[in-house]
Amino acid sequence: MAKKEEEFITAVTEAIKQSKKYGDTSEATIRQLAEEAVRQHKKPKAAIKAVRARLHSIMAPYLGDPEYDAVARQLSEAFAANDQERITQLCLDSLEAHLSTRERLPIMTDFYQQIFAVTGHPQAILDIACALNPLALRWMYPEAGERWSVNGERLKFYAYDIHEPRINFINHYFQLEGLEPLARVQDVAMHFPQEQADVALFLKEMPRFTRNYGDLGRPLLQALNVRWLVISYPSISTHGGRNLTSRYRDFMHQLIDGLNWPITELLFEGELVFVIEKQLNGS
């Protein structure tokens with residue numbers, strides 16, 4: 001890479017990192033997008049605009065976020081007081097702040113109960129493009145005996161997102177719950193997760209992932225070192241209430257065509273879920 005091009009990429013990256021709206025995004029992601037933009041645009045202003053447009057699509061800031069620092073303080077106080085009701089309410093408030101998890105709140109207990117009836121309760125989870133879903137921990141494991149112990153082993157909850165304050169908040173919550181802080185700022189399109197787990201969750205993100213990264217969805221699923229994949233799609237469009245079940249069912253079957261992975265389909269109000277058992281010869 002020529003020195004001038006390298007300087008151009010660095011300038012675009014730094015401009016985005018200093019912006020109020022996207023400065024908290026993974027620098028690796030910003031730089032990757034800057035490299036692509038610099039190849040297409042001669043002027044920094046145009047390249048910066050292109051990167052911002054891509055980040056808007058990838059990050060989807062319009063879906064919402066809580067005030068991370070404020071909620072983190074409130075959670076610390078609630079845990080210090082052992083106020084379980086307050087902890088639960090703060091988790092619910094956080095989940096309600098993001099559209100994806102807000103839509104799942106009415107079905108959340110039944111949602112995980114039905115999924116784990118197929119997979120068994122996982123001792124290790126990968127939550128891909130997690131957003132705020134890790135705050136649903138208490139609904140995933142409502143009867144966790146010794147706190148977060150599964151079959152005598154401490155739960156490992158890996159979570160991946162490119163929004164730095166979100167990951168810091170999730171790790172803070174994990175530590176308050178007595179779990180390892182295994183949430184990571186990681187662009188799963190650039191670096192597929194390598195950790196081994198029982199179940200990988202990829203909830204309502206495949207449509208946006210496909211829109212932003214094309215055909216990378218299938219290689220990502222193949223690369224995940226898990227026994228079970230749990231992939232969900234919205235069953236109703238956000239605007240207009242159009243039924244999307246048939247569309248996404250066809251898409252899902254095309255996505256894994258030929259891989260010999262048995263599928264269990266679960267249909268909830270607002271969400272279509274595919275629980276897929278990966279086979280060694282297809283993984």
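So, how was this worked out
- Numbering of residues starts from 1 in each chain and follows the order in which that chain's sequence is written.
- With the structure being a predicted model, the display of local features is reserved for residues of pLDDT at least 70 and the display and counting of side-chain atom pairs for 80 or more, all residues being used for whole-chain, interface and lining totals.
- Side-chain calculation: all heavy atoms of the structure are included, whereas hydrogens and water are not.
- As a rule, the C-alpha atoms of each element are fitted with a line to give its axis, helices using only the stretch in contact, and angles between N-to-C directions run from 0 to 180 degrees.
- By the criteria applied, helices consist of DSSP H or I runs no shorter than four residues and strands consist of E runs no shorter than two, each listed in order from the N terminus.
- Orientation categories follow fixed angle ranges, with anything under 35 degrees roughly parallel, anything over 145 roughly antiparallel, 65 to 115 roughly perpendicular, and all other angles oblique.
- Working rule for handedness: look at the near helix, and if it is turned counterclockwise from the far one by less than a right angle, call the crossing left-handed; if clockwise, right-handed.
- Contact between two residues is taken to exist if any of their heavy atoms lie within 4.5 Å; hydrogens are not considered.
- Any residue that is not Ala, Val, Leu, Ile, Met, Phe, Trp, Tyr, Cys, Pro, Asp, Glu, Lys or Arg is counted as polar, Gly included; the first ten are nonpolar and the last four charged.
- Each helix should span, by expectation, one fewer than its residue count multiplied by 1.5 Å.
- The buried label goes to any residue with under 20% of its type's maximum accessible area, the exposed label to any with over 50%, and the partly exposed label to all in between, with areas taken from a 1.4 Å probe on protein chains only.
- Starting at the helix axis, one direction is taken to each C-beta atom, and the arc is that of these directions.

**Q** An account of the packing of helix 4 (residues 68-80) against helix 5 (residues 84-96) is requested, with residue identities and associated values reported.
**A** Between helix 4 and helix 5, the least distance of the axes is 9 Å, while the angle of their chain directions is 160°. If you check the angle between helix 4 and helix 5, you find them roughly antiparallel. Viewed along their axes, helix 4 and helix 5 form a crossing whose handedness is left-handed. Residue-level inspection shows V71, Q74, L75, A78 and F79 of helix 4 in contact with helix 5, the latter providing R86, I87, L90 and S94. By residue class, the composition of the contact of helix 4 with helix 5 is six nonpolar, two polar and one charged.

**Q** Residue-level account of helix 5, with values.
**A** With 13 residues, helix 5 extends 18 Å from end C-alpha to end C-alpha; this agrees with the ideal 18 Å at 1.5 Å per step. Among all positions of helix 5, only I87, L90, C91, S94 and L95 are buried. For helix 5, the arc enclosing every buried residue in end-on projection is 135°, short of the 170-degree limit, so these residues lie on one face. Those residues of helix 5 hidden inside the fold are in contact with helix 4, helix 6 (99-104), helix 7 (108-119), helix 8 (137-140) and helix 9 (164-176).

**Q** Lay out unusual backbone geometry with the relevant residues and their values.
**A** The phi dihedral of N82 is positive, around 55°, even though this residue is not glycine. With respect to the secondary-structure elements, N82 resides in the loop between helix 4 and helix 5.

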